Amino acid sequence: MDYLQLTTAGLKCLLPLSTVEEIFSLPELTVIPEAPNDILGVLNLRGDLIPIMHLSCRLGITPPQCRETDVVIVLRATGLRVGVVVHQVEV
């Protein structure tokens, strides 16, 4: 199985490539009032609204602090589609 290596808040993680749909630079997001702290907002991706979470916040490491160089990884697994923000990816 092939993996995507990512880094966020100094933590290196591996994701199975089979769950990765696409990767792109962090765009402007629509903020959702009263969303959980790890949800930065939603993204209209070719007509589908995708929730976007900050991985380091989801893991309880740090509050979400986005950088200009951050990327979004869109993941699809078991019928769920979600975007995660990370600081760096390596294929």
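Source: prediction; values computed, not measured.

What follows concerns the confidence of the model for the chain. Overall, the prediction assigns the chain a mean pLDDT of 90, with 97% of residues at 70 or greater. Looking at the elements of the chain, mean pLDDT is at its lowest for helix α1 (residues 55–58), recorded as 82, and at its highest for strand β3 (residues 20–25), recorded as 96.

Within the open sheet, the 3 strands sit side by side as β2-β1-β8. Their pairing is antiparallel. Each having just a single partner strand, β2 (11–16) and β8 (88–90) make up the two edges of the open sheet. In this sheet, adjacent strand axes meet at a mean angle of 25° when their direction is disregarded.

Below, the discussion takes up the pattern of salt bridges. Tallied over the full model, the rule gives 5 salt bridges. Note that Arg81 and Glu21 form a salt bridge whose closest N and O atoms lie 2.6 Å from each other. Remark: Glu21 occurs in strand β3 and Arg81 occurs in strand β7 (residues 80–86); sequence separation between them is 60 residues. Judged by relative accessible area, Arg81 falls into the buried class, the value being 14%. You can call Glu21 partly exposed: its relative accessible area is 32%. Two residues, Arg58 and Asp38, come together in a salt bridge whose shortest N-O distance is 2.9 Å. Taken together, the residues Arg58 in helix α1 and Asp38 in the loop between β3 and β4 (39–45) connect sequence positions 20 residues apart. A relative accessible area of 54% places Arg58 in the exposed class.

Parameters at a glance
Residues numbered from 1 in each chain as written. Predicted model: local features only at pLDDT ≥ 70, side-chain atom pairs only at ≥ 80, totals over all residues. Heavy atoms only, no water. pLDDT = per-residue confidence, 0-100. Helix = DSSP H or I, 4+ residues; strand = E, 2+ residues; numbered from the N terminus. Pairing = 2+ DSSP bridges. Axes fitted to C-alpha atoms, helices over the stretch in contact; angles between N-to-C directions. Salt bridge = Lys/Arg side-chain N within 4 Å of Asp/Glu carboxyl O. Buried < 20%, exposed > 50% of the residue type's maximum accessible area, 1.4 Å probe, protein only.

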